[in-house]
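Each chain, written out:
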Amino acid sequence: MKQKHTIIQNKIEIVEDRSDLVWAMDRDYKLTAFNTSFKSRLLQNGLGDAERGMDLKVVYQSDFFFKPCGQGCERALNRYATTSRHTFEENGKTVVHEFSFQPFMNSSGEIIGCCVWQKDITQEVDKNLRLQESERKYREAQEVADIGHWSWDMKKNEVTWSDQLFQIFDKDPDTFRPNYKSLMEIIHPEDREAFDRDVNKCIEQKVRHDIVHRIVVGNGDIKYIHEKGRAFYDQEGNPFRMSGTAQDVTKDVLSNKQIVEQNHELQNFVRIISHNLRGPISNLLMLSKIYEWGKDEMNDDIMKKIEHTTEALDQTIKDLHHSLALKSADKEKFREVHLRNVMKDVDGLLSEEIVKNKASIHTNFSDVETVFGAKSYVVNIFYNLILNAINYSKEGVPVVVQITAEKTEQTITLRFSDNGIGMDLTPEKERKIFDMYGRLSGATEGKGLGLYLVKTQVEAMDGKIRVESKKGIGTTFIITFPNKAQ
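Here is a short report on the structure shown in this document. None of the values given here were measured: they were computed from a predicted structure. (Residues numbered from 1 in each chain as written. Predicted model: local features only at pLDDT ≥ 70, side-chain atom pairs only at ≥ 80, totals over all residues. Heavy atoms only, no water.)

Points about the pattern of salt bridges
Link 1 in the chain: One pass over the full model with this rule turns up ten salt bridges.
Link 2 in the chain: Connected through shared salt-bridge partners, Arg-85, Glu-98 and Lys-119 make up one network. (Salt bridge = Lys/Arg side-chain N within 4 Å of Asp/Glu carboxyl O.)

A word on the sheet that holds strand S10 (residues 239-248)
Link 1 in the chain: Taking strand neighbours across the sheet as the criterion, the five strands line up as S7-S6-S10-S9-S8 in an open arrangement whose pairing is antiparallel. Edge strands, defined here as strands with exactly one partner in the open sheet, are strand S7 (158-161) and strand S8 (209-216). Across the sheet, the mean angle separating the axes of adjacent strands is 25° when strand polarity is ignored.
Link 2 in the chain: In this sheet, S10 lies alongside strand S6 (residues 147-153) in antiparallel orientation, the contact comprising seven bridges. From the neighbouring strand, Gly-148 faces S10, where its bridge partner is Ala-246. (Pairing = 2+ DSSP bridges. Helix = DSSP H or I, 4+ residues; strand = E, 2+ residues; numbered from the N terminus. Axes fitted to C-alpha atoms, helices over the stretch in contact; angles between N-to-C directions.)

Thoughts on the sheet that holds strand S2 (residues 31-34)
Link 1 in the chain: Reading across from one edge, S2-S1-S5-S4-S3 is the order of the five strands in this open sheet, with antiparallel pairing throughout. Because the sheet does not close on itself, it has two edges, and the strands there are S2 and strand S3 (82-90). Strand-to-strand, the axes of this sheet are offset by a mean angle of 25°, without reference to chain direction.
Link 2 in the chain: Pairing between S3 and strand S4 (residues 93-105): nine bridges, direction antiparallel. Each residue of the ladder has a partner; that of Arg-85, found in S4, is Glu-98.

Side note on the nonpolar core
Link 1 in the chain: Judged by nonpolar contacts, the single largest core of 45 residues is most densely connected at Phe-382 and Ile-479.
Link 2 in the chain: Those elements that place two or more of their residues in this core are helix H11 (339-349), helix H13 (375-391), strand S14 (400-407), strand S15 (411-418), helix H15 (450-460), strand S16 (464-470) and strand S17 (474-482).
Link 3 in the chain: For this core, the element with the highest residue contribution is H13, accounting for ten residues.
Link 4 in the chain: Residues within four places of Ile-479 in sequence aside, it is in contact with Ile-381, Leu-385, Ile-412, Thr-413, Leu-414, Phe-416, Val-458, Lys-464 and Ile-465. (Core = buried A, V, L, I, M, F, W, Y, C linked by side-chain atoms within 4.5 Å. Buried < 20%, exposed > 50% of the residue type's maximum accessible area, 1.4 Å probe, protein only. Contact = heavy atoms within 4.5 Å.)

Geometric descriptors of this kind do not, in isolation, establish any biological role.
Have a look at this one:
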């Protein structure tokens, strides 16, 4: 027995230079071996000096730190090696210790005692907790952005998906095994060749994998997925792995498609209007040419107004199709547009509405005389915003429109303010009134196309537009352009 305890002591001395507590006892809970850390802990806890033969039952029962050892040693003496973790408060901090209990047997297989190994695993637990917290935040970020991560082991042809990726692809992680073949089966048949070509290009040319493709989910619905990734190579330059992300961009793709369809619809509308108006405008212009001037002063004045209005309308129709081709607008042809000249054209176009509604248009261009862009754009902007003020005027109240231009070193700001009916403006309403067919209210006739044109043409000239309004007081449209002079 003495020889056995000597062997145990020698093994304990091997870990003498560690901070872990190691000690051994016999079946009667008598201390048989220990290291310096155990001895120091007893003194620190006020349990006296460690001596062979001391009764550890007293230690286990009287000290909170050693209390977990009672049950652990009992199980070890019954041939069950166990490990347990325990949390303590020390010096105002929470610490975690791991206790391992190992039975000792003689050559006959008889249990003669047990050895206890205790170590502080607080840092290890903290690292694990931080890792778990980081993984939790990563999963939440993927869920919010609707983006998942994938990794492809090319040699094993195994693909690993994050949890969110299974959600995006509408697959059960317990039954679906992702690999390149199963992925290709999910991809829309018309997009498989392009996807495969992009993957091969990424691998062979060492470029980024970047493609938007369709997938067919379980219920037959179509989703649009934006894939990004890169390949990894060994020391010999052979590809062995790819990894990247996949994001559900269905909403963005469908929104862009809607915008494209709206633009096509608008262009068709312009072509129809241009075609239908071309004949009447040409006839009016021809009549003004053959009119016998000088016989009647009043008729001459009327004909001059008709001629001026028709010419302005003719020019507007000619420019409108070009004005709506915003994506292909040739900004090299943009010039300084004089605001007073714009108002002359608009006065001619709206002369009848201005007179009928007893409208007063007040302008102040003393601070800013020009804006940089296309004249046809600016005319259309002024025309629609003034007409909008007339259409949404208060019943029985003459329309008053104030147009001002101001500038700073960086910007030029145009303000169109009226005394109309106004409205209770919310962010949602502000967004909708600039949509195609969006309208301020249902109280007036019209398709609501004007403000959509205004917004698109303002943005074509690198500007922004917003609206302020109060019900019963009026509405102000604020347009901001960059100051090209700077």
